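If you want the building blocks of each chain, they are given just below.
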Amino acid sequence: MKVVVIGGGIIGCLTACFLKQRGADVVVLERGKAGQEASWAGAGILCPIHPWLYPDSFTHLIDASLAMYPAFREQLEADTGMSIEWQKSGLLVPFFTDDKNNHKQAALDWSERFNWDVEELDSQQTLALEPTLSHQNTGSLHWPEVAQLRNPRLLQAVRVWMDKLGVELHEHAEVSSLTMQQDVLTGVQCADGACFTADQVLLASGSWSGELAEQLGFALPIKPVKGQIVLLKGKPGLMKSIVKHDDAYFVPRADGRVLVGASMEFVGFERGNTEQITEQLMASMQKIAPGLQDLEVEHQWMGFRPGSPDGLPYLGDAPNVKGLWVASGHYRTGVALAPITAEVMSRKILGKSVNMDCSDFSVNRAIPETSVLGFPKI
Ligand SMILES: Cc1cc2nc3c(=O)[nH]c(=O)nc-3n(C[C@H](O)[C@H](O)[C@H](O)COP(=O)(O)OP(=O)(O)OC[C@H]3O[C@@H](n4cnc5c(N)ncnc54)[C@H](O)[C@@H]3O)c2cc1C
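Cut-offs used in this document
- Residues numbered from 1 in each chain as written.
- Predicted model: local features only at pLDDT ≥ 70, side-chain atom pairs only at ≥ 80, totals over all residues.
- Heavy atoms only, no water.
- Helix = DSSP H or I, 4+ residues; strand = E, 2+ residues; numbered from the N terminus.
- Phe/Tyr/Trp six-rings, centres within 6.5 Å; stacked < 30°, edge-to-face > 60°.
- Buried < 20%, exposed > 50% of the residue type's maximum accessible area, 1.4 Å probe, protein only.
- Near = heavy atom within 4 Å.
- Polar contact = N/O pair within 3.5 Å; in protein donor to acceptor, adjacent residues only side chain to side chain.
- Areas by Shrake-Rupley, 256 points an atom, 1.4 Å probe, with all protein chains shown as cover.
- Nonpolar A, V, L, I, M, F, W, Y, C, P; charged D, E, K, R; others polar.
- Domains from an automatic or database assignment.
- Pairing = 2+ DSSP bridges.
- Axes fitted to C-alpha atoms, helices over the stretch in contact; angles between N-to-C directions.

*Asks:* I'd like to hear about the environment of methionine 356, residue by residue, with values.
*Replies:* Structurally, the position occupied by methionine 356 is in the segment after α9 (338–349). With 335 residues separating them in the primary sequence, methionine 356 and glutamine 21 have C-alpha atoms 21 Å apart.

Listed below in structure tokens is the structure:
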């Protein structure tokens, strides 16, 4: 079977690898360079932000994906000889008296229900674990099992893996339309006129999937949600846990660098970092982790999360054309969800059974009008 994947982010590339391993002939078409958009820009936290706000089906999806990570990572690193810097750094959520939302009880209930190891720490224990945090903290929750990885390393390794597996990648190939013969899908056409034949086509073009779906004849309400990140140059061990708060998160890398992120902006495809957001992130750092304040800002970047109106991804068949599939809208958790997405979508596309109810992620699901997880208010 021949499959064309539209989009060379983590979702498209990894699904292509799984399809190839299952015997398909796979071509990935990428408009620019593979792995340079959201998948490169993300923080690599392998845990959703506030998972207790989502339906249970989302936790099942996340749990299934995280359960795949150890074996997936082992195989990827063994086959490529590259490290993706996966590490179990744990996640710490500190509380302050002026917090706008208090998630403590909901987080504890969710952790118990889904068997996620969590411990409650008082203010002193919080500081003992993370001395860079503010003395104003009133305690925290700590999930020791939460892991992270380094996005650019993941993308580089997956790129090498694609070559080894024999996945064909065409860069600078922007798909503009489907090709059909008497209502049967025969492939895709690119903006420069090049055509690629296919039995099945997977739309995995991240934040651009909504626009492309419209051109392909169906509605997919995916919109870009911009996130800006500031990178601080620290020393190894200065901060050990991922620290997350409503105002910002901090992700310490093995080499001592600390990512401070990330804005949630509904500004279309407006590229670049802004002084206003940098100042906001730095103000959050002063409040939550003042022990980082002397670190030099080394770099800044941004990316477009493929946002969906209810915060859930779209995983399934397109409603209008037989043989057209969608894996997109992963919003804030595309890296965490990449292995299960590749597993589920490669099985669906090849007509194999999927041992999971994916109805909450179907392309034509009803969207509640006021989802708290949807697009940010402007
Ligand atoms: C600041 C930030 C922080 C994040 N933090 C985390 C985190 O900690 N943990 C986590 O799990 N997730 C996180 N995410 C989310 C995660 O990065 C995304 O959900 C994920 O990368 C989406 O992957 P993707 O492959 O769908 O999209 P992308 O990586 O954007 O890839 C889509 C690709 O499709 C290509 N394309 C578009 N149109 C066409 C076309 N017409 N033809 C051909 N190619 C096309 C694009 O050029 C692009 O390369 C974060 C995202 C951002 C921006």
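*Asks:* Kindly report on the packing of aromatic side chains, identifying the contributing residues and their values.
*Replies:* Here the distance between the centres and the angle between the planes together describe a pair of aromatic rings. Summed over all chains, the structure comprises 12 aromatic pairs. With a centroid separation of 6.3 Å and 15 degrees between ring planes, the pair formed by tryptophan 52 and tryptophan 143 is classed as stacked. Within this pair, whereas tryptophan 52 is found in the loop between α2 (38–41) and α3 (56–80), its partner tryptophan 143 is found in strand β5 (residues 140–143), the two being separated by 91 residues in sequence. For tryptophan 52, a relative accessible area of 17% translates into the label buried. Ring centres of phenylalanine 266 and phenylalanine 375 lie 5.0 Å apart, and the angle between their planes is 15 degrees; on these two criteria the pair is classed as stacked.

*Asks:* Could you give an account of the site of the ligand, with specific residues and numbers?
*Replies:* Every one of the 38 residues lining the ligand counts as a neighbour, but Glu30, Ser39, Ile45, Tyr331 and Ala336 are closest to it. Isoleucine 11 places a main-chain nitrogen or oxygen 3.2 Å from an oxygen atom of the ligand. With respect to the ligand, the backbone of arginine 31 contributes an N or O atom lying 3.0 Å from a nitrogen atom. Burial of the ligand by the surrounding chains reaches 98%, relative to a free accessible area of 1000 Å². Of all the secondary-structure elements, those providing two or more residues to the shell around the ligand are α1 (10–21), α2, β11 (223–233) and β15 (296–307). The element that contributes the greatest number of residues to the shell around the ligand is β15, accounting for 4 residues. Each residue belonging to the shell around the ligand can be placed in one class, and the counts come to 19 nonpolar, 13 polar and 6 charged. Residue assignment places the shell around the ligand across two domains, with domain 1 (2–80 + 151–221 + 309–361) and domain 2 (91–145 + 224–307) each supplying three or more.

*Asks:* Summarise the sheet that holds strand β16 (residues 314–317); cite the residues concerned and give the values.
*Replies:* Read from one edge of the open sheet, 6 strands run β6-β2-β1-β10-β17-β16, paired in mixed fashion. In this open sheet, the two edge strands, each paired with only one partner strand, are β6 (168–170) and β16. Within the sheet, the average angular offset between the axes of one strand and its neighbour, ignoring direction, is 15 degrees. Where strand β2 (residues 25–29) and β6 come together, 3 bridges link them in parallel fashion. Opposite leucine 29, over in β6, you have histidine 170 as the bridge partner.

*Asks:* Tell me about the pairing of β11, residues and numbers included.
*Replies:* Where burial is concerned, most of β11 is hidden: 9 out of the 11 residues are buried. Sheet analysis places β11 next to β15, joined by 11 bridges and oriented antiparallel. Considered in β15, the bridge of valine 230 is made with glutamine 300. As judged from the 3 bridges shared by β11 and strand β14 (residues 258–261), these two strands associate in the antiparallel manner. Considered in β14, the bridge of leucine 231 is made with leucine 259.

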